Amino acid sequence: MTEFFSFLKLPDANSTYGSSRYVIFGVPFDGTSSFRKGSKFAPDAVRIAWDNLESFDFSTGSDISEARICDLGNLKEESAVEFAVDSVETVTRMIKADGRIPIMMGGEHSITVGAIRNFRNCGMIIVDAHSDFRESYHGNKLNHACVTRRALELLGPNRIVSIGTRSVSREEYESEDFKKVRFISAEEVREKGIEYFIEEIRGIVGDRIYFSIDMDGIDPAYAPAVGTPEPYGLKDTDVRHLLKQFSTEVVGFDIVEFSPQYDQGNTAMLAAKLIEDFISINSSKLNP
Ligand code: MN
Ligand code: MN
């Protein structure tokens, strides 16, 4: 299997696969990105940014270098979305079957579908500006604009919360299935505060959660380098609060849609920090 993977590795990923609890891998795929491509370069940009973060976490008192992380490197670059999604499904299935937590660095959002094929009995939290609820886009049901619709088919109604919503087409909005996902708009979060929604989210997603962060859910002021930027978004700390509340229940995690060539470095750092926060919070609650 190793011949499929590249060699740039996260500095704190010092575990072998066999002794790891968290297994990180990159997916260099941006084939269906409709506006600003380049998310296929994100995994290595996140690894480089991570190198500048402190291993010790002041807020939890834990040290991420002791969290038992293995970095598999990047999957082979695929030309078609079907192949990219299938290889994500295969790798994620292996990691889950071995009792470890998969952490995927995209790539565009379409790849999430491959991961959640293995988490059909779970709830899901999606951070995203877009509803991603099209039945099909540019003739393809696996387009990154269709992720939440595919998630609904896989996980079922009233199991998914998408938060940060502010870009929805009329067709999506009027679709009969739209109410089967709880879309929490960025505006609602700004008016009421993120804490207001925690118990509602918990009631929907349950205690086994797949967590997917489309970086464009966060305001472009914090995360400008994304494939499809959208103004008036969530604060970076809103997402961090979600991680604080839900990381213990998370069984699979991804971060997608970061396009490094539009970055001054802040989006890369935020993406790295969100992954680090997820691992720190998840592991510190396991070993308090
Ligand atoms: Mn998305
Ligand atoms: Mn989006």
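Refer to the structure above for everything that follows.
Given the structure is predicted, the values throughout are model-derived calculations rather than measurements.

Cut-offs applied
- Residues numbered from 1 in each chain as written.
- Chains lettered and ligands numbered in written order.
- Predicted model: local features only at pLDDT ≥ 70, side-chain atom pairs only at ≥ 80, totals over all residues.
- Heavy atoms only, no water.
- Helix = DSSP H or I, 4+ residues; strand = E, 2+ residues; numbered from the N terminus.
- Rg over C-alpha atoms; globule rule 2.2 N^0.38 Å.
- Buried < 20%, exposed > 50% of the residue type's maximum accessible area, 1.4 Å probe, protein only.
- Contact = heavy atoms within 4.5 Å.
- Areas by Shrake-Rupley, 256 points an atom, 1.4 Å probe, with all protein chains shown as cover.
- Donors = N, O, S within 2.8 Å, 3.2 Å for Na, K, Ca; no water.
- Pairing = 2+ DSSP bridges.
- Axes fitted to C-alpha atoms, helices over the stretch in contact; angles between N-to-C directions.
- Parallel < 35°, antiparallel > 145°, perpendicular 65-115°, else oblique.
- Left-handed = near helix turned anticlockwise from the far one by under 90°.
- Nonpolar A, V, L, I, M, F, W, Y, C, P; charged D, E, K, R; others polar.

1. Structural notes on the overall build of the protein chain
Item 1. The helix and strand inventory of the protein chain stands at nine helices and 10 strands.
Item 2. In summary, the protein chain has a C-alpha radius of gyration of 17 Å against a globular reference of 19 Å for 288 residues, a match within 12%.
Item 3. Looking at the 288 residues of the protein chain, the share that counts as buried comes to 58%.
Item 4. The long-range share in the protein chain, meaning contacts at least 24 apart out of those at least 6 apart in sequence, stands at 78%.
Item 5. Only carbon and sulfur atoms are counted for the fraction: they give 51% of the accessible area of the protein chain, which is about 11900 Å².

2. Some details on the coordination of the manganese ion (ligand 1)
Item 1. His109 (ND1), Asp128 (OD), Asp132 (OD) and Asp214 (OD) make up the full set of protein donors to the manganese ion (ligand 1), lying at 2.1 to 2.2 Å.
Item 2. Linear spacing of the donor residues for the manganese ion (ligand 1) on their chain is H-x18-D-x3-D-x81-D.
Item 3. Taken as an interatomic distance, the gap from the manganese ion (ligand 1) to the manganese ion (ligand 2) is 3.3 Å; Asp128 donates to each of them. Placement of the pair is Asp128 in the loop between strand E6 (123–127) and helix H4 (147–155) and Asp214 in strand E9 (residues 209–214), with a sequence separation of 86 residues. For the pair Asp128 and Asp214, a shared accessibility class is recorded, and that class is buried.

3. Topic: the coordination of the manganese ion (ligand 2)
Item 1. The manganese ion (ligand 2) binds to the protein through Asp128 (OD), His130 (ND1), Asp214 (OD), Asp216 (OD) and Asp216 (OD); the donor distances cover 2.1 to 2.4 Å.
Item 2. Counting residues between consecutive donors of the manganese ion (ligand 2) along the chain gives the motif D-x1-H-x83-D-x1-D.

4. Remarks on the sheet that holds strand E5 (residues 101–106)
Item 1. Taken in spatial order, the eight strands of this open sheet run E4-E1-E5-E10-E9-E6-E7-E8, and their pairing is parallel. The two strands at the open ends of the sheet, each matched to only one other strand, are strand E4 (69–74) and strand E8 (182–185). Mean inter-strand twist for the sheet, computed between neighbouring axes without regard to direction, equals 15 degrees.
Item 2. Judged from the four bridges that link them, strand E7 (residues 160–165) and E8 form a sheet pairing that is parallel. Looking at E8, one finds that Ile163 is bridged to Ile184.
Item 3. Contacts from helix H8 (residues 236–246) reach E6, E7, E9 and strand E10 (250–256), with the element oriented near 170 degrees to E9.

5. Considerations on the environment of Phe83
Item 1. Its place among the elements puts Phe83 in helix H2 (residues 81–97).
Item 2. For Phe83 and Gly114, which are 31 residues apart along the polypeptide, the C-alpha to C-alpha distance reads 9.7 Å.

6. Observations concerning the packing of helix H7 (residues 198–205) against H8
Item 1. Across the interface, H7 lies against H8 with an axial gap of 11 Å and an inter-helix angle of 55 degrees. When the interaxial angle is binned, H7 and H8 end up oblique. H7 and H8 meet at a crossing whose hand is right-handed. Two secondary-structure elements touch here, H7 through Ile198, Ile201 and Arg202 and H8 through His241, Leu242, Gln245 and Phe246.
Item 2. In terms of residue class, the contact of H7 with H8 is built from four nonpolar, two polar and one charged.

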